[in-house]
Amino acid sequence: MTQTTKGTRRRQAWRAFLIQSGLSVAVIVLALLPAALFDDRTLTVIALLGASLVVLAISVASASRLMRLLETANDKIATLTTHDDLTGLPNRRWFFDRLDEEVDRARRYGNELSLIMVDIDHFRQVNDTFGHPLGDLALAEVARLLAANIRTSDIVARYGGEEFVIIIPESGAEKTVQAAEKLRMVVEVNDISLEGPEVKVTVSCGVADLKSVVPGKGGLRDALVLAADHALHRAKENGRNQTLMHVAEHERQLPLV
């Protein structure tokens, strides 16, 4: 949470507290006026009981307001700890937690599960040519294109640097390759305008599924990630801007469309 957001939340909390305190004092003072002006014990008791109810209502309303502020702050903190600030995508930590769940679900019900690893080609050159601020804009735009061109059941996250990962539930490698190729082509045909200059950005993709990997010391999850990552590195070594699929200890290159 940024300092500006913290300051805003603090001011809102203090405002709610001061309003509650001021209204409570005002009600109590008004309730005591009958006792000061009139020698009528019944009227005084009624006024004090009424004031107590009003103060209680004010306290409940103020507590409700403070609870909403607290919940909003907690939601913001949760988002910051699980999402990448630059792209708005879930981060690596969140990705691994979710992948664990998807692997367990796939094994429990015998479903297929695939993973796509995506890396922006020559991203260092983009940074060196246009500067890091514009490079960040290119990174965010690629993230937007990936998120906008997957199924609602798929899960995209930022893996780190210029790498992204996409979990594809209930889909084998052959079908997932088609999804990866679609993403690769979408990025290739969309020139990214960076506040003036247009940059041609391409990506390389590595695909793996549970059927093609054998769990090692790190378990099935790590074997799946390693297989997709290995296919991605082979794609980059073979010239970039292409998709490679991991198939039982080797990768098969797919022809570019």
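Visitor: So what about the nonpolar core? Which residues, and what values?
Guide: Counting 29 residues, the largest nonpolar core has I116, V118, I120, V142, L146 and F164 as the members making the most contacts within it. Elements with a minimum of two residues in this core: β1 (113-120), α4 (123-130), α5 (132-148), β3 (163-169), α6 (173-189) and β6 (203-209). Contact partners of I116, with chain neighbours within four places excluded, come to F164, V165, I166, I168, T176, A180, C205, G206 and V207.

Visitor: Please set out unusual backbone geometry residue by residue, giving values where relevant.
Guide: Backbone geometry places H122, a non-glycine residue, at a positive phi of 50°. By the element assignment, H122 lies in the loop between β1 and α4.

Visitor: Tell me about α4, and name the residues and values.
Guide: Side chains that are three or four residues apart share a direction in an α-helix, a result of its 3.6 residues per turn. By the burial criterion, the buried members of α4 are F123, V126 and N127. Taken down its axis, α4 places every buried residue within 95° of arc, on the same side. Exposed residues lying more than 90 degrees from the buried face of α4 are R124, Q125, D128 and T129. Just beyond α4, the residue with positive phi is G131, at close to 95°.

Visitor: Talk me through the pairing of β3; I want residue IDs and the actual numbers.
Guide: The buried fraction of β3 is high, at 7 of 7 residues. Where burial is concerned, the two faces of β3 agree: the one with E163, V165, I167 and P169 and the one with F164, I166 and I168 are both buried. Pairing analysis gives 5 bridges linking strand β2 (residues 155-160) to β3, with the strands arranged antiparallel. Opposite I155, over in β3, you have I167 as the bridge partner. What sits between β2 and β3 in their antiparallel hairpin is a turn of 2 residues, with G161 showing a positive phi close to 60°.

Visitor: Describe the pairing of β1, with residues and values.
Guide: Burial within β1 is extensive, with 8 of its 8 residues counted as buried. Of the two faces of β1, the one holding L113, L115, M117 and D119 and the one holding S114, I116, V118 and I120 are both buried throughout. Pairing of β1 with β3 involves 7 bridges; the strand directions are antiparallel. Bridging across to β3, I116 finds its partner in I166. Of the strand pairs in this sheet, β1 and β6 are connected by 7 bridges, and their pairing is antiparallel. Its bridge partner lying in β6, S114 is registered against D209.

Scoring rules and cut-offs
Each chain has its residues counted from 1, following the order in which its sequence is written. Two thresholds apply to this predicted model, a pLDDT of at least 70 for residue-level local features and 80 or more for giving and counting side-chain atom pairs, whereas whole-chain, interface and lining totals are computed over all residues. Processing note: side-chain calculations cover all non-hydrogen atoms of the structure and skip hydrogens and water entirely. Put simply, buried Ala, Val, Leu, Ile, Met, Phe, Trp, Tyr and Cys residues joined by side-chain atoms within 4.5 Å make one nonpolar core. Buried, partly exposed and exposed residues are distinguished by accessible area as a fraction of the type maximum, computed with a 1.4 Å probe on protein chains only: under 20%, between the cut-offs, and over 50%, respectively. Strands are runs of DSSP state E lasting at least two residues, helices are runs of H or I lasting at least four, and both sets are numbered from the N terminus onward. For this analysis, residues touch if any pair of their heavy atoms sits within 4.5 Å. Summarising the geometry, the arc corresponds to the directions from the helix axis toward the C-beta atoms. At least two DSSP bridges between two strands are required for those strands to pair.

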